[in-house]
Amino acid sequence: MNQTVRPRIAASACPHDCPSTCALEVEIFCERTIGRVRGAEDNAYTAGVICAKVARYAERVHHPDRLMRPLRRTGPKGSGQFVPVSWDDALDIVTEAFMRAEQAHGSEAVWPYY
Ligand code: SF4
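Residues numbered from 1 in each chain as written. Predicted model: local features only at pLDDT ≥ 70, side-chain atom pairs only at ≥ 80, totals over all residues. Heavy atoms only, no water.

Considering the sheet that holds strand E3 (residues 33–39)
Reasoning step 1: The strand order E1-E2-E3 describes an open sheet built from three strands, whose pairing is antiparallel. A strand with exactly one partner marks an edge of an open sheet, and here the two such strands are strand E1 (8–13) and E3. Adjacent strand axes in the sheet meet at a mean angle of 30°, parallel and antiparallel pairs treated alike.
Reasoning step 2: The pairing of strand E2 (residues 23–30) with E3 spans five bridges and is classified as antiparallel. The partner of Cys30 across the bridge, within E3, is Thr33. (Pairing = 2+ DSSP bridges. Helix = DSSP H or I, 4+ residues; strand = E, 2+ residues; numbered from the N terminus. Axes fitted to C-alpha atoms, helices over the stretch in contact; angles between N-to-C directions.)

Comments concerning the site of the ligand
Reasoning step 1: Taken together, Cys14, His16, Cys18, Ser20, Thr21, Cys22, Ile50, Cys51, Lys53 and Val54 are the residues near the ligand.
Reasoning step 2: The residue inventory of the shell around the ligand, partitioned by class, reads six nonpolar, three polar and one charged. (Near = heavy atom within 4 Å. Nonpolar A, V, L, I, M, F, W, Y, C, P; charged D, E, K, R; others polar.)

Here we look at the packing of aromatic side chains
Reasoning step 1: For the coordinates displayed, the defined rule picks out zero aromatic pairs.
Reasoning step 2: Directly above the ring of Tyr57 sits Arg60, whose terminal nitrogen or CZ lies 4.8 Å from the centroid. (Phe/Tyr/Trp six-rings, centres within 6.5 Å; stacked < 30°, edge-to-face > 60°. Lys NZ or Arg CZ within 6 Å of the ring centre and 35° of its normal.)

Observations regarding the side chain of Thr46
Reasoning step 1: For Thr46, the location among the structural elements is in the loop between E3 and helix H1 (52–55).
Reasoning step 2: A polar contact of 2.8 Å, which involves the side chain of Thr46, links it to the backbone oxygen of Ala40.
Reasoning step 3: Other than its neighbours up to four places away in sequence, Thr46 contacts Cys22, Ala23, Gly39 and Ala40. (Polar contact = N/O pair within 3.5 Å; in protein donor to acceptor, adjacent residues only side chain to side chain. Contact = heavy atoms within 4.5 Å.)

A closer look at the pattern of salt bridges
Reasoning step 1: Enumeration according to the criterion identifies two salt bridges in this entry.
Reasoning step 2: Of the charged contacts, one joins Arg38 and Glu27 as a salt bridge, the two residues approaching to 3.3 Å between their closest N and O atoms. Of this pair, Arg38 sits in strand E3 while Glu27 sits in strand E2, and the two are 11 residues apart along the sequence.
Reasoning step 3: A residue is classified by how much of its surface remains accessible, and Glu27, at 13% relative accessible area, is buried. (Salt bridge = Lys/Arg side-chain N within 4 Å of Asp/Glu carboxyl O. Buried < 20%, exposed > 50% of the residue type's maximum accessible area, 1.4 Å probe, protein only.)

Take it as geometry only, folks, not as evidence of what the structure does.
Given below as structure tokens:
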């Protein structure tokens with residue numbers, strides 16, 4: 001007999017760098033599987049609704065082709081040439097790029113928060 005698994009609903013917040021900072025309700029089936037993502041019902045801004053990008057979050061995080069480790073581009077942009085790098089190396093590369101951008105253009109070049 002088939003049984004429908006009922007997810008528990010967890011409160012969360014959107015992780016995107018977006019000024020709306022939406023409150024979310026996330027269906028959780030187990031520690032590694034989410035279901036639908038909705039805007040929080042009890043939040044005046046979201047009122048149960050969320051943007052299309054985040055409403056489809058489960059499809060993205062559980063997609064079989066999702067990147068699971070950092071890749072560093074080795075060829076020209078658009079060439080599709082990448083090599084895997086460690087998380088430590090990836091974080092060092094990003095940190096150094098942020099610092100170069102901040103020194104050359106100011107902190108708003110890294111975090112344009114208003
Ligand atoms: S859910 Fe969409 S609109 Fe809301 S903060 Fe995230 S990206 Fe922005």
